[in-house]
Amino acid sequence: MKMTVRTRFAPSPTGILHIGNTRTALFSWLWARRNKGEFILRIEDTDKKREVERGIQIIKKTLIDFGLNWDEGPFLQSERLDIYEKYAEKLVEQKDAYLCFCTAERLEKMRKDQQEAGNLPRYDRKCLGLSEEEVKEKLDKGEKSVIRLKMPENENLIWKDLVMGEVKFKSREVDDTVILKSDGYPTYHLAVVVD
């Protein structure tokens, strides 16, 4: 079975492409061309607060100006929201993620207090212990929520990286990061894995 090389460039339309983005696109394009493969353009347009007007057009024009023509795309992550939601809900069902109803104000104060106390700022898991009834009640009241990934407690996370070698983290030092925002858009942490 012959494998086809497929590379992808996945910029976010939150500003102009900087030199690092362009370098990544160039290396992905070169690798695809050298191996008679395909260069895919996927736009990570899930950060609506930071997205700039005409950001997608700027990305496309920059690639064209540099002669980095893509073979497929551009694919927009915003066109796949139902897929990301399905996987986020599956993680909740498996108890590997949970709904969080904390307000931005509460989270900001919590992190500020943690930093002032000299602690590592991370989510305090206030909503992790909510019962199914409490979650349903909050949802019925129309309270906004996000979905957070539930990190394992007191484990060493270890993997072999081709560049860095063995990488280790203590799970208690990793935040229960948001994977699906209250606006229904995924964060990078979910979208990149699902894609």
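In this text, all values refer to a predicted model and were calculated from it rather than measured experimentally.

Asks: Outline the sheet that holds strand S1 (residues 6-9), supporting the account with residue identities and numerical values.
Replies: If you walk across this open sheet you meet the 3 strands as S1-S2-S3, and the pairing is parallel. Where the open sheet ends on each side, the last strands, each with one partner, are S1 and strand S3 (72-76). Mean inter-strand twist for the sheet, computed between neighbouring axes without regard to direction, equals 25 degrees. For S1 and strand S2 (residues 38-43), the ladder comprises 4 bridges, and the chain directions are parallel.

Asks: For the pattern of salt bridges, give the residues involved together with the corresponding values.
Replies: Overall, the coordinates contain 21 salt bridges when judged by the stated rule. When the shortest N-O distance is used, the salt bridge between glutamate 38 and arginine 6 registers 2.5 Å. Here glutamate 38 is found in strand S2, whereas its partner arginine 6 is found in strand S1, with 32 residues between them in sequence. Residue glutamate 38 is classed as partly exposed on the basis of its relative accessible area of 27%. We note a salt bridge from glutamate 153 to arginine 125, for which the minimum N-O separation is 3.0 Å. On the criterion of sequence distance, the pair formed by glutamate 153 in the loop between strand S5 (146-149) and strand S6 (156-161) and arginine 125 in the loop between helix H4 (104-116) and helix H5 (132-140) is long-range, its members being 28 residues apart. Taken together, the shared-partner salt bridges connect Arg42, Glu44, Arg80 and Asp195 into one network.

Asks: Please set out the layout of surface pockets residue by residue, giving values where relevant.
Replies: Here the largest pocket defines a volume of roughly 710 Å³. Along the walls of the largest pocket sit 27 residues, with Lys49, Val146, Val178, Lys181 and Ser182 positioned nearest its centre. Those elements that provide at least two residues to the lining of the largest pocket are H4, S5 and helix H6 (188-194). The volume enclosed by the second largest pocket comes to roughly 330 Å³. Contributing to the lining of the second largest pocket are 14 residues, with Val92, Lys95, Tyr98, Leu130 and Val135 lying nearest its centre.

Asks: Give me the lowdown on the sheet that holds S5, citing residues and values where you can.
Replies: What the 3 strands build is an open sheet, ordered S4-S5-S8; its pairing is antiparallel. The outermost strands of the open sheet, each flanked by one partner alone, are strand S4 (97-100) and strand S8 (178-180). The average undirected angle you get between the axes of adjacent strands in this sheet is 45 degrees. Note: S4 against S5, 4 bridges, orientation antiparallel. Within the sheet, the bridge partner assigned to cysteine 100 lies in S5 and is valine 146.

So, how was this worked out
Residues numbered from 1 in each chain as written. Predicted model: local features only at pLDDT ≥ 70, side-chain atom pairs only at ≥ 80, totals over all residues. Heavy atoms only, no water. Pairing = 2+ DSSP bridges. Helix = DSSP H or I, 4+ residues; strand = E, 2+ residues; numbered from the N terminus. Axes fitted to C-alpha atoms, helices over the stretch in contact; angles between N-to-C directions. Salt bridge = Lys/Arg side-chain N within 4 Å of Asp/Glu carboxyl O. Buried < 20%, exposed > 50% of the residue type's maximum accessible area, 1.4 Å probe, protein only. 1 Å grid on protein atoms, 1.4 Å probe; cavity = no way out; pocket = protein on both sides within 12 Å on 5 of 7 lines; lining within 4 Å. Points joined across faces, edges and corners; volume = space filled by probe spheres on them.

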